[in-house]
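# Breakdown of the fold
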Amino acid sequence: MTRQRFIFLTLAPATLVLVTLALVSTGGALWFSVMNRALRSPDSEFVGAYNYLRLLRDKRFFNALEISAIWEVVTVAGTLIVAVLLAVLVHETVKRALWRNLICFAFLAPVLLPRVAAAFIWRFLYSPSLGLANWFAGLFGIGPIEFLADPKIALLSVAVVDIWQWGLFFTVILVKLLETLPQDPIEAAMLDNARTWEIHAFVTLPMLRGPIISLALVKAVESLRSFDLIFVMTGGGPGTATETLDLYAYQSGINLGGRISYASAMSILLLVVTTVAFTFIWRAGKKWSR
Amino acid sequence: MANISCTGITKSYGAHPVIDGLDLTVADHEFVVFLGPSGCGKSTMLRMIAGLEEVTAGRITIGGTDVTDLHPGARGVAMVFQSYALYPHMTVADNITFGLRRLGVPKDEVARRLRDVAAMLGLDALLDRKPKNMSGGQQQRVAMARAMIKTPKVFLFDEPLSNLDAKLREKLRTEIRKMHNALKTTTIFVTHDQLEAMTIADRIVLMRAGAIEQQGTPDEIFDRPATRFVADFIGSPTMNFRMGIIRNGVAEAGSIRIPLPPGRFAVAEGQEVELGLRPARMGLVAGDAPGAIHGRVVLIENMGAEGQVIAEVNGAEMSFVTKEFRRLAPGDAVSFALSPDHLHIFDRASGRSLLNKDA
Ligand SMILES: Nc1ncnc2c1ncn2[C@@H]1O[C@H](COP(=O)(O)OP(=O)(O)O)[C@@H](O)[C@H]1O
Ligand SMILES: [Mg+2]
């Protein structure tokens, strides 16, 4: 058997399943999006681009688009900043292998929690009367703070949970990556009078630029799938303060309106937007990481 | 003024000391080479002077200042690593000037010094390149430029040439020595290559298992090795050793008889010793010459200008070097002798040379 054929035969089954599933659901969504199907009546008819045109005049849709964009930027940037700072801190302060491994193990725990469990834990922590977060704020004479009910900070409060899960996970990855770096350039930098933070800012982190960009891309894709977290914590509220596109699609398609065709059009637009955006981000990422 | 002095330096990893109570002084402007087999503690010693490794006990001073507890950057030393240790994502210019920029040296001053150093090391055309687009020799030049631009009190080299091919190694070796002749910066250079050490050093510090075995000029180390270990380590081809005995002022080993100049060796009649004969100090002689060694040629290694002849003497091999090797063929009977005053005699038990100090 030639190598080509081997590759083809081993990849074919999985690819077939994936393509079928993706095509059927995408095709289905596309079909629904040009109809006026709704949950309350069984029949529907062809309406062409009507749903798409209505989307372009829907303020709530654009709000959701904006929330989604903010969510992406905040969670990706937050995760990376937390991970980089914590990893450097652990790398510099914890030298014993045993302690390091224990810390890494502890940092892995949050991401192993199911999203829904994490969401419930933090809803409790954020609770205005019973929550630990407000007890802490109280120590500094602040609060009580309505973490999830205040539209100004609700999205940020949910993002904190996401960053708590993924930032700590990425910290573990970065700690391990820092350990694999060659020591010589770091020692050369010490002899070149660089302080600890300068060594990391100018030598170690630039050496890890490729892996960090990869982590950012992984997180960006992952952040698109935060429906469960936001749904459990705020359900998109208060008002539409935390309503991302997938939440709005769910609300209008299944939950409230039952307007399946409208939600399908939204999903199709979401698909197009993310595909285009990620193509650009991917290209840029590949260029930077070189 | 940048003399270095190390007193009572001890370094342990766990319970086992790698270096044990080592004392060393390096004079201002001196070019000292740490030489020794791999694993004997050369790098460890160098890294302690650089501050990259903590000392377990002992003090280090540079230019009269106790630097034992100073940060590496504060010691005024620059180091060149075997692996080059360049900052991989920075251009050559940024690599070289990194240290000066950390010190906040003004921009035009940095640019001026960069130009000088780049010109001296022939790096002008490469300043915008990244390290990965350069050959090993070019990368090591950049590392040297990075060390030089800081005008340090002390240069430290840790096997800087070991990753380069033989030709380039020779070329850079010459350049390093020329650089030292011009700048006169106190230098410690680590190598396991005895030829490199011989050619470049003012003084060789020969180390063995974390202690100094002998230190001295290359000539002293070559011609007056203090121990059998030094004699064996230095010189290529390596020295021939034979178990022997002293009888009537003659060193005897099998059929070999070498008369001893009176007073040269501290040996007693009938003492059991080990003789050392350097191949490079031997040559062909007539069969009846005094001190002649008779053997049968086993193998001839052509080294161009001269050849190493390996002969069988009393059932063991002994080698010597001669320009007239082309006259010989394997199987020939051959007579050769050691030049006068080049015999080495070692105590069998301690391995110490029995040469008298003033002889
Ligand atoms: N970090 C370390 N941990 C334990 N042992 C070490 C460490 N570094 C060096 N050694 C030991 O110290 C000895 C000297 O090492 P080194 O100075 O690198 O030798 P050299 O440079 O002469 O080849 C070696 O036996 C080595 O195994
Ligand atoms: Mg070494």
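Structure report, in brief. (Residues numbered from 1 in each chain as written. Chains lettered and ligands numbered in written order. Predicted model: local features only at pLDDT ≥ 70, side-chain atom pairs only at ≥ 80, totals over all residues. Heavy atoms only, no water.)

## Describing the overall build of chain B
For chain B, the count of helices and strands is eight helices and 20 strands. For the C-alpha atoms alone, the extent of chain B along its principal axes is close to 75 × 45 × 35 Å. Once local pairs closer than 6 in sequence are excluded, the contacts in chain B between residues at least 24 apart make up 67%. For chain B, the exposed surface amounts to about 15800 Å²; the carbon and sulfur share of it is 50%. For chain B, the centre of its 42 positive side-chain charges and the centre of its 41 negative side-chain charges are spaced 6 Å apart. (Helix = DSSP H or I, 4+ residues; strand = E, 2+ residues; numbered from the N terminus. Contact = heavy atoms within 4.5 Å. Areas by Shrake-Rupley, 256 points an atom, 1.4 Å probe, with all protein chains shown as cover. Lys, Arg positive; Asp, Glu negative; His and termini not counted. Charge placed at Lys NZ, Arg CZ, Asp CG, Glu CD.)

## Let's talk about the interface of chain B and chain A
Each side of the interface is counted separately: chain B has 22 residues, and chain A has 15 residues. Summing both sides of the interface, chain B and chain A together bury roughly 1800 Å²; the carbon and sulfur share of this comes to 61%. Of all residues in chain B, Tyr 87, His 89 and Arg 102 of chain B bury the most surface against chain A, accounting for 30% of the area lost on that side. We note a salt bridge from Asp 192 of chain A to Lys 150 of chain B, for which the minimum N-O separation is 2.9 Å. The interface formed by chain B and chain A includes 11 residue pairs in polar contact (both at pLDDT 80 or more). Secondary-structure elements contributing two or more residues to the side of chain B that touches chain A are α1 (42-50), β6 (77-80) and α2 (92-102) of chain B. For the side of chain B that touches chain A, the element with the highest residue contribution is α2 of chain B, accounting for three residues. Taken together, the residues of the side of chain B that touches chain A sort by class into 13 nonpolar, five polar and four charged. (Buried area = accessible area lost by both parts, 1.4 Å probe. Salt bridge = Lys/Arg side-chain N within 4 Å of Asp/Glu carboxyl O. Polar contact = N/O pair within 3.5 Å; in protein donor to acceptor, adjacent residues only side chain to side chain. Nonpolar A, V, L, I, M, F, W, Y, C, P; charged D, E, K, R; others polar.)

## Here's the deal with the site of ligand 1
All names here are of chain B. With respect to spatial proximity, the complete set of residues near ligand 1 consists of Tyr 13, Val 18, Ser 38, Gly 39, Cys 40, Gly 41, Lys 42, Ser 43 and Thr 44. Here a nitrogen atom of ligand 1 and a side-chain polar atom of Tyr 13 are 3.3 Å apart. Contact distances for ligand 1 include 3.3 Å between an oxygen atom and a backbone N or O atom of Cys 40. Contact with the protein chains covers 56% of the free accessible surface of ligand 1, which is 560 Å². Looking at which element gives the most residues to the shell around ligand 1, the answer is α1, with three residues. Looking at the shell around ligand 1 residue by residue, the class counts come to three nonpolar, five polar and one charged. (Near = heavy atom within 4 Å.)

## A look at the side chain of Glu 243 of chain A
All names here are of chain A. Checked against the element boundaries, Glu 243 lands in the loop between α11 (227-233) and α12 (245-255). When its relative accessible area of 1% is taken as the criterion, Glu 243 is described as buried. Among the polar contacts made by the side chain of Glu 243, one reaches the side chain of Arg 60 at a distance of 2.7 Å. Residues within four places of Glu 243 in sequence aside, it is in contact with Arg 60, Asn 63, Ala 64, Ile 67, Gly 236, Tyr 248 and Gln 251. (Buried < 20%, exposed > 50% of the residue type's maximum accessible area, 1.4 Å probe, protein only.)

## Regarding the sheet that holds strand β4 (residues 57-62) of chain B
All names here are of chain B. Strand order in this open sheet of four strands is β2-β1-β4-β5, and the pairing throughout is antiparallel. The sheet is open, and its two borders are formed by β2 (16-26) and β5 (65-66), each paired with just one other strand. Examined bridge by bridge, β4 and β5 share two bridges and lie antiparallel to one another. What sits directly across from Ile 62, in β5, is Thr 65. (Pairing = 2+ DSSP bridges.)

## So, the side chain of Gln 194 of chain B
Residues and elements named next belong to chain B. By secondary structure assignment, the location of Gln 194 is in helix α6 (residues 194-200). In this structure the side chain of Gln 194 is engaged in a polar contact, spanning 2.9 Å, whose partner is the backbone nitrogen of Gly 235. Once you skip the residues sitting within four places of it in the chain, Gln 194 turns out to touch Leu 35, Phe 233, Ile 234, Gly 235 and Ser 236.

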